[in-house]
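Close look at the chain arrangement
Below are the chains, spelled out letter by letter.
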Amino acid sequence: MELLFGGCVLVVVTLTLGIGLGVGLSCEGKFRCGTSSRCISISAQCDGIVDCEEGEDELSCVRLSGKSSVLQVRSEGEWKTVCSDEWNSALGVSACKQLGYARYVESSSLPCSSIEQDFQNNLISININRSGLQQAIKIHNASHLSKTQCSSGRVTTIKCLDCGTRPRFSRRIVGGNVSASGQFPWQVSLHFQNEHLCGGSIITSQWILTAAHCVYGFAYPTLWALHVGLIEQPVNGAQALAVEKIIYHDRYRPKGLDYDIALMKLAEPLIFNGYVEPICLPNFGENFEDGLICWISGWGASEDGGEGSVSMHSARVPLISTKVCSQPGVYQGFISSWMICAGYLEGGTDSCQGDSGGPLACEDMAVWKLVGATSWGQGCAERNKPGVYTRITQSLYWIHLQMEVSREGET
Ligand code: ARG
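Below or above, wherever it landed, is the structure these notes cover. (Residues numbered from 1 in each chain as written. Predicted model: local features only at pLDDT ≥ 70, side-chain atom pairs only at ≥ 80, totals over all residues. Heavy atoms only, no water.)

On to helix 2 (residues 89-98), then. The element helix 2 is largely enclosed, with a buried count of seven among its ten residues. Turning to helix 2, its buried residues are Ala90, Leu91, Gly92, Ser94, Ala95, Cys96 and Gln98. Taken together, the buried residues of helix 2 touch strand 3 (62-65), strand 4 (70-75), strand 6 (106-111), strand 7 (123-126), strand 9 (154-159) and helix 5 (392-407). A distance of 3.1 Å separates the backbone nitrogen of Ala90 from a side-chain oxygen at the start of helix 2, and that oxygen is part of Asn88. In the stretch just after helix 2, Gly100 is the one whose phi turns positive, near 95°. (Buried < 20%, exposed > 50% of the residue type's maximum accessible area, 1.4 Å probe, protein only. Helix = DSSP H or I, 4+ residues; strand = E, 2+ residues; numbered from the N terminus. Contact = heavy atoms within 4.5 Å. Polar contact = N/O pair within 3.5 Å; in protein donor to acceptor, adjacent residues only side chain to side chain.)

Listed below in structure tokens is the structure:
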């Protein structure tokens, strides 16, 4: 009897605790600190004052939005577009740092009326009187923000990296579908214990983006070596780049297909030379239309169950809308907001085993952007089974957050 009673108390205690924790975890209408389960008010997020133990409430407070990379800051629970009045390049350096970039290229301004409607409201300007402060600050620090009329009517756009160009690629006809030198200078070959296992894309001089399923269970930097700037798979002894850190999305599960994204940080930064170049990340809210012709590339198999290729192959594939890709007979019930489909419903051209993690790249006004990372498909190139890619616009917060956190403490 006593035992039974004890048991009951235990159950009740666990239940209350469980429910209590559950409520704590949801943090309804509040911001939840990642590591603890503390909840703080939304207005305390991105206000320039650290409230969470690890400072999570002051991360991801800046983003670039829309086709023209307009700068937005989060404040009082909303994203606001930064007016170009009082803007200067020192602020640009801080903004790029907060996005996780090591560098800053340039800022410019655009008439507010020329950007996407969604980003036109809610303008803010950043005023800093004491120039000495500028290096250290985070630009969203509330004491420097003010609601504004934005008298110039212009908003700030910034560029943190020269990316998405192919300076060494000359448009000649390529034999079959073997890639030409310099055609996909952002393509990386990820070697696991000296063998090509997956693809990846160069997104900055230090970061390679790939799929979580490529590294899950093997996220130990010393097991990996990266090769860049190549067409033919390297023979033994070819120079390989060391990995310093591997991060995959913490919600990725090997049984699932969502959150299939990972980053590898290189031990030494890359030197860009035309054969090795970064691809641009898209911006928040950028839309890539169905039917847009993009490119996939890699050293994957040329048929389902086949061997990997010695030379890098590439193919043109159109983007497929989620609506079409989720139809019965295609991937009904499987396509989430973290995925984007590309390829042909009639089959014939697709990515395949060994291409995973590699780029789905689309050209947009002479700049190449990373729209997807090769993730999964049923078989390869089968009818009604196009390739499915991790949707990069959905992953931007995660990507920038990882890069930002990893830069903290750097000067
Ligand atoms: N999961 C595969 C890999 O690890 C890539 C699959 C892509 N499949 C497709 N049919 N597009 O390499």
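Here strand 3 shows a buried face lined by Val62 and Leu64 and a second buried face lined by Arg63 and Ser65. Hairpin connection of strand 3 to strand 4: four residues between the antiparallel strands, including Gly66 at a positive phi of 70°. (Pairing = 2+ DSSP bridges.)

We now examine the sheet that holds strand 16 (residues 293-298). Pairing in this closed barrel of six strands is antiparallel, and the strands run 16-17-18-21-20-19 around the ring. The average angle at which neighbouring strand axes cross in this sheet is 45°, direction not considered. The pairing of strand 16 with strand 19 (residues 359-364) spans two bridges and is antiparallel. Bridging across to strand 19, Ile296 finds its partner in Leu360. (Axes fitted to C-alpha atoms, helices over the stretch in contact; angles between N-to-C directions.)

On to the site of the ligand, then. Near the ligand, the surroundings consist of 15 residues, among which Asp350, Ser351, Gly354, Ser356 and Gly379 are the closest. Contacts to the ligand include Ser351, whose side-chain N or O atom sits 2.8 Å from a nitrogen atom. Ser356 is positioned with one of its side-chain polar atoms (N or O) 2.5 Å from an oxygen atom of the ligand. When the free accessible area of the ligand is taken as 340 Å², the share hidden by the protein chains comes to 89%. The element best represented in the shell around the ligand is strand 20 (residues 367-376), accounting for three residues. (Near = heavy atom within 4 Å. Areas by Shrake-Rupley, 256 points an atom, 1.4 Å probe, with all protein chains shown as cover.)

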